[in-house]
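Fold and contact review
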Amino acid sequence: MNPFFRALLVALALFFTGWTYADDGEIKVTLLGTGSPNPSPERFSMSTLVTAGGQNLLFDAGRGSAIRLWQAGIPVGKLDAVFITHYHSDHTVGLPDIWLTGWIDTPYGRRKQPLKLIGPSGVLPLARGLEAAYASDVTTRVADEHLSADAARIDAREFSGNGVAVFEHGGVKVTAFEVDHGDKIKPAYGYRVDYKGHSVLISGDTRRSDNLVKFATGVDLLIHEVCMVNEEALAANPGFQAIVAHHVTPADAGEVFTGAKPKLAVYSHLVFLSDTKFPRPTVDALIEQTRKTYSGPLVVGQDLMAFSVGEEVKQLPLAAR
């Protein structure tokens, strides 16, 4: 279908339905971005939407997250909160788009309150910096388009500690826990979402983490990052060595899955490293290496892949692009 007509149909549907949520007691998860800093149109950088209890919660706002939201039929202005795992650019570069596109008076915007932004230490200067950088845009639109100045604010909330509840509303609880993304990359967190006896965990960027296994044990859906590179490419490229040192290998991730025993393990944030001299890792190779340490249910995520989490964890059809 022509992208223009698809967007028009989405807009008309939202207009006539008044954008209502159907709460069936389940959690819905949509992988908006499953890639890395690699500027790929097939895999945008990290972003995951969790819908539960009539609320849309966004975890990380990587490149293209606003585009993927609208492709999935979710207005950018209908996010209830955005959570940041850490401050690498591939997890935050889409935040200005989420914030400002969700505010303007269009079918994909129309946010009527400040953007709620939740993250570890560092989220306040990030928010204030964005507001300073885009002050002229906001001032112009308030004067010219009569948009709400209050709705253009970023309501930033910082947290610290391990295993801390950072969001509780309508029966939905979000818990933040520390992960190990490297000695110099702190703070770095993952998040667990619980709702009506169901649970989803998002690893954030991390090396193998016993603390993650602790919080992930028994979850329904475990979404985990992974990093892969050809051995010859790794030996020849110091930059690749530094990247790999901050992430899990497929075998490491498999050990996490084996320890946590989720109903379903899903890979997202696929860091596939390659250059012109060496072949790019493949999904088949990723699965093969994971199977050395894990034999349970496994899915390699792709953008707009969705899951329902209830008594069973089910993979849903891809959202229309």
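Scroll up to find the structure.
Procedures and definitions
- Residues numbered from 1 in each chain as written.
- Predicted model: local features only at pLDDT ≥ 70, side-chain atom pairs only at ≥ 80, totals over all residues.
- Heavy atoms only, no water.
- Helix = DSSP H or I, 4+ residues; strand = E, 2+ residues; numbered from the N terminus.
- Rg over C-alpha atoms; globule rule 2.2 N^0.38 Å.
- Buried < 20%, exposed > 50% of the residue type's maximum accessible area, 1.4 Å probe, protein only.
- Pairing = 2+ DSSP bridges.
- Axes fitted to C-alpha atoms, helices over the stretch in contact; angles between N-to-C directions.
- Contact = heavy atoms within 4.5 Å.
- Parallel < 35°, antiparallel > 145°, perpendicular 65-115°, else oblique.
- Left-handed = near helix turned anticlockwise from the far one by under 90°.
- Nonpolar A, V, L, I, M, F, W, Y, C, P; charged D, E, K, R; others polar.
- Salt bridge = Lys/Arg side-chain N within 4 Å of Asp/Glu carboxyl O.

Helix and strand counts for the protein chain come out as ten helices and 15 strands. The C-alpha radius of gyration of the protein chain comes to 19 Å, within 12% of the 20 Å expected for a compact globule of 321 residues. With the C-alpha coordinates aligned to their principal axes, the bounding extent of the protein chain is approximately 55 × 45 × 45 Å. Looking at the protein chain as a whole, 52% of its 321 residues are labelled buried.

In this section: the sheet that holds strand E6 (residues 154-159). Strands sit in the order E6-E5-E4-E3-E2-E1-E14-E15 across an open sheet of eight strands; the sheet is mixed. Looking at which strands have only one partner, the edges of the open sheet turn out to be E6 and strand E15 (313-316). Strand after strand, the sheet turns through a mean of 20° between neighbouring axes, direction not considered. Pairing of strand E2 (residues 47-52) with strand E3 (residues 55-59) involves five bridges; the strand directions are antiparallel. For Thr 51, the partnering residue across the bridge sits in E3 and is Asn 56. Strands in contact with helix H4 (residues 123-133) are strand E5 (115-120) and E6; relative to E6, the strand with the most contacts, it is inclined by about 160°.

Turning our eyes to something else, we now look at the packing of helix H9 (residues 250-260) against helix H10 (residues 283-290). When two helices pack together, their arrangement is captured by the angle between the axes and the distance separating the axes. Running from amino to carboxyl end, H9 crosses H10 at an angle of 50°, the nearest separation of the two axes being 8 Å. It follows from the interaxial angle that H9 and H10 lie oblique. At the point where H9 passes H10, the crossing takes the right-handed sense. Note on element contacts: H10 touches H9 through Leu 286, Gln 289 and Thr 290, opposite Pro 250, Ala 251, Gly 254 and Phe 257. Looking at the contact of H9 with H10 residue by residue, the classes come out as four nonpolar, three polar and no charged.

Turning our attention to the pattern of salt bridges. Pairing is possible between side chains that carry opposite charge, provided their charged atoms lie close to one another. For the structure on display, the rule yields 13 salt bridges. For Asp 137, the salt bridge identified is with Arg 141, shortest N-O distance 3.1 Å. Of the two residues, Asp 137 and Arg 141 both sit in helix H5 (residues 135-145), four residues apart, roughly one turn of that helix. Judged by relative accessible area, Arg 141 falls into the partly exposed class, the value being 24%. Between Asp 150 and Arg 153 there is a salt bridge whose closest N-O contact spans 2.9 Å. Assessed through its relative accessible area of 39%, Asp 150 is described here as partly exposed. Relative accessible area serves as the criterion here: at 39%, Arg 153 is assigned to the partly exposed category. Taken together, the salt bridges that share partners define one network made up of Asp 137, Arg 141 and Glu 145.

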